[in-house]
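# Close look at the chain arrangement
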Amino acid sequence: MDVVTFGESMVLFSSDQNLPLQYIHQFNKQMAGAESNVAIGLAKLGHRVGWFSKLGDDPFGHYVLHQIRGYGIDTSRCRHTNDAPTGIYFKEQRTHGKTQVYYYRHHSAASRMHPDELDEAYLAGFKFLHVTGITAALSPDCLAFTRKAMASARKQGLKIVFDPNVRWKLWDSEEAAKQVLLELAGYADYILPGLDEGELLTGCKQPEEIASALLKPGVAGVVVKLGSEGAYYQSEQQGGYVAPFPAEEIDPVGAGDAFAAGFISGLLHGDELEQAVRKASAMGAIAVSVNGDVEGLPNEQELLHMIHHHDDEDYQNVKR
Ligand code: KDG
């Protein structure tokens, strides 16, 4: 198997009405979660993926599981519990590109993932582990679970891709987030911060400085996501900027997850870092152009078509 990831997926209620949440009277029901977004992105690109979590033994929990399983993702290690409900959240989109989320996930089923429940032997069947900093912020048990999964994956030879994915509504303080996320980054082979996250972790403002600060021994690559400015990547041997792919920003939520999926897919194909980051950027651009986290994500052929089409149009890869 190729990639395994774990984390909380929730039922998402969004609306076609561009109104403050309190005035919306019609919602669409969807499913979303950063890690399952990555899993779905990778599955759509043809990779063999596993995702697990703890879901409520409730209609929403069963809905989430069926959705993810429907993409051909292995959910065999997912658990249900009667002790807590499946998390939900609401998305308010006042104008295109301006999105607010409201979580109802405190004490949710996923926040009860316990380290004793981790199936370490299952991890051994994968090449990559993808982890986000969201899980660590859900509860002390989830933090312990995340530490154990990363340590175990490292010991068992999986490559670890870590996305800090700071969700301020989940952390008590900047200091708490920084301390935990830096610790988790220490387990990773590849670290994918956004510019703000990089600044939080390192105190540096420039992508080059952020990448250098995070590129400790054992880290194979750091990629700083720069949104509409593209991305900066760095390894021991190489570093450079990848220009953005053009995108009409409709819904930015999920762009980082699509980026991670494109990046890991590139690595699985044996791409050099730069090429993997280009795939990641293309995926991010596709994700923001569609309302919904995963609905617009491409298959392998569509992704390559987008990249080559861009090359044909004299795509300039800005390297410094
Ligand atoms: O990255 C997209 C996620 O933010 C969204 O799917 C919900 O997992 C989510 C979260 O914790 O915010």
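Residues numbered from 1 in each chain as written. Predicted model: local features only at pLDDT ≥ 70, side-chain atom pairs only at ≥ 80, totals over all residues. Heavy atoms only, no water.

### With respect to the overall build of the chain
A count of helical and extended segments in the chain gives 11 helices and 14 strands. Whereas a compact globule of 320 residues would reach a radius of gyration of roughly 20 Å, the chain reaches 18 Å, a difference of no more than 12%. Expressed as lengths along the three principal axes of its C-alpha atoms, the size of the chain is roughly 55 × 45 × 40 Å. A buried classification covers 57% of the 320 residues belonging to the chain. Look at the contacts in the chain between residues 6 or more apart in sequence, and 70% of them connect residues 24 or more apart. In the structure as shown, the chain presents an accessible area of about 13600 Å², 48% of it carried by carbon and sulfur atoms. On the chain, the mean spot of the 28 positive side-chain charges and the mean spot of the 42 negative ones are 4 Å from each other. (Helix = DSSP H or I, 4+ residues; strand = E, 2+ residues; numbered from the N terminus. Rg over C-alpha atoms; globule rule 2.2 N^0.38 Å. Buried < 20%, exposed > 50% of the residue type's maximum accessible area, 1.4 Å probe, protein only. Contact = heavy atoms within 4.5 Å. Areas by Shrake-Rupley, 256 points an atom, 1.4 Å probe, with all protein chains shown as cover. Lys, Arg positive; Asp, Glu negative; His and termini not counted. Charge placed at Lys NZ, Arg CZ, Asp CG, Glu CD.)

### Considerations on the site of the ligand
Near the ligand there are 14 residues, and of these Ala34, Tyr103, Arg105, Asp257 and Asp293 occur at the shortest range. At 2.9 Å from an oxygen atom of the ligand is found a main-chain nitrogen or oxygen belonging to Ala34. Between the ligand and Asp293 there is a distance of 2.7 Å, counted from an oxygen atom to a side-chain nitrogen or oxygen. Considering only residue class, the shell around the ligand consists of 7 nonpolar, 3 polar and 4 charged. (Near = heavy atom within 4 Å. Polar contact = N/O pair within 3.5 Å; in protein donor to acceptor, adjacent residues only side chain to side chain. Nonpolar A, V, L, I, M, F, W, Y, C, P; charged D, E, K, R; others polar.)

### As for the pattern of salt bridges
Side chains carrying opposite charge are able to pair once their charged atoms draw close together. The tally for this structure, following the rule as stated, stands at 11 salt bridges. Notably, a salt bridge pairs Arg105 with Glu8, separated by 2.9 Å at the nearest N-O pair. Of the two residues, Arg105 sits in the loop between β8 (98-104) and α3 (120-123) while Glu8 sits in the loop between β1 (3-6) and β2 (10-14), which places them 97 residues apart along the sequence. A relative accessible area of 6% places Arg105 in the buried class. Its relative accessible area of 3% is what places Glu8 among the buried residues. Connected through shared salt-bridge partners, Asp2, Arg48 and Lys127 make up one network. (Salt bridge = Lys/Arg side-chain N within 4 Å of Asp/Glu carboxyl O.)

### A closer look at the sheet that holds strand β12 (residues 221-225)
Spatially, the 8 strands line up as an open sheet ordered β4-β1-β9-β10-β11-β12-β13-β14, and their pairing is mixed. The outermost strands of the open sheet, each flanked by one partner alone, are β4 (49-52) and β14 (239-242). Strand direction decides the pairing type here: β12 and strand β13 (residues 231-234), joined by 4 bridges, are antiparallel. Note that in β13 the partner of Val224 across the bridge is Tyr232. Across the sheet, helix α1 (residues 34-44) touches β1, β4 and β9 (128-132), and the angle it forms with β4 is around 165°. Running over the sheet, helix α8 (residues 207-214) touches β11 (190-191), β12, β13 and β14 and is turned about 35° from β13. (Pairing = 2+ DSSP bridges. Axes fitted to C-alpha atoms, helices over the stretch in contact; angles between N-to-C directions.)

### Focus: helix α10 (residues 273-288)
An ideal rise of 1.5 Å per residue puts 22 Å on 16 residues; α10 measures up with 23 Å between its terminal C-alpha atoms. Of all 16 residues in α10, 15 are buried, a share of seventy percent or more. (Expected span 1.5 Å × (residues − 1).)

### A few points about the packing of helix α9 (residues 255-268) against α10
Relative to each other, α9 and α10 sit at 150°, their axes nearing to 7 Å. Between α9 and α10, the crossing angle belongs to the class labelled roughly antiparallel. With respect to the hand of their crossing, α9 and α10 are arranged in right-handed fashion. On the side of α9, the interface is formed by Ala255, Ala258, Phe259, Ala261, Gly262, Phe263, Gly266 and Leu267, while α10 contributes Leu273, Ala276, Val277, Lys279, Ala280, Ser281, Met283, Gly284, Ala287 and Val288. (Parallel < 35°, antiparallel > 145°, perpendicular 65-115°, else oblique. Left-handed = near helix turned anticlockwise from the far one by under 90°.)

### Concerning the packing of α1 against α9
Close contact between α1 and α9 brings their axes to 8 Å; oriented N to C, the two are set at 45°. Relative to α9, α1 is oriented oblique. Viewed along their axes, α1 and α9 form a crossing whose handedness is right-handed. Touching Ala34, Asn37, Val38, Gly41 and Leu42 of α1 are Asp257, Ala260, Ala261, Ile264 and Ser265, all from α9. Among the residues making up the contact of α1 with α9, the classes are represented as 6 nonpolar, 3 polar and 1 charged.

### Overview of the environment of Ala43
One can find Ala43 in helix α1. Taking the relative accessible area as the measure of exposure, Ala43 reaches 15% and is therefore buried. As for Ala43 and Asn299, which are separated by 256 residues in sequence, their C-alpha atoms are 8.6 Å apart. Not counting the four nearest positions on each side in its chain, Ala43 is found in contact with Val49, Tyr71 and Ile73.

### Side note on the nonpolar core
The biggest cluster of nonpolar side chains holds 53 residues, and the ones touching the most others in it are Val4, Phe52, Leu129, Phe162, Trp171 and Leu181. Tallying contributions element by element places helix α5 (residues 140-155) first for this core, with 6 residues. Setting aside residues no more than four positions away along its own chain, Trp171 makes contact with Gly133, Ala136, Ala137, Val166, Ala176, Ala177, Val180 and Leu181. Within the second largest apolar cluster, 52 residues are counted, among which are Met31, Ile88, Val242 and Ala285. (Core = buried A, V, L, I, M, F, W, Y, C linked by side-chain atoms within 4.5 Å.)

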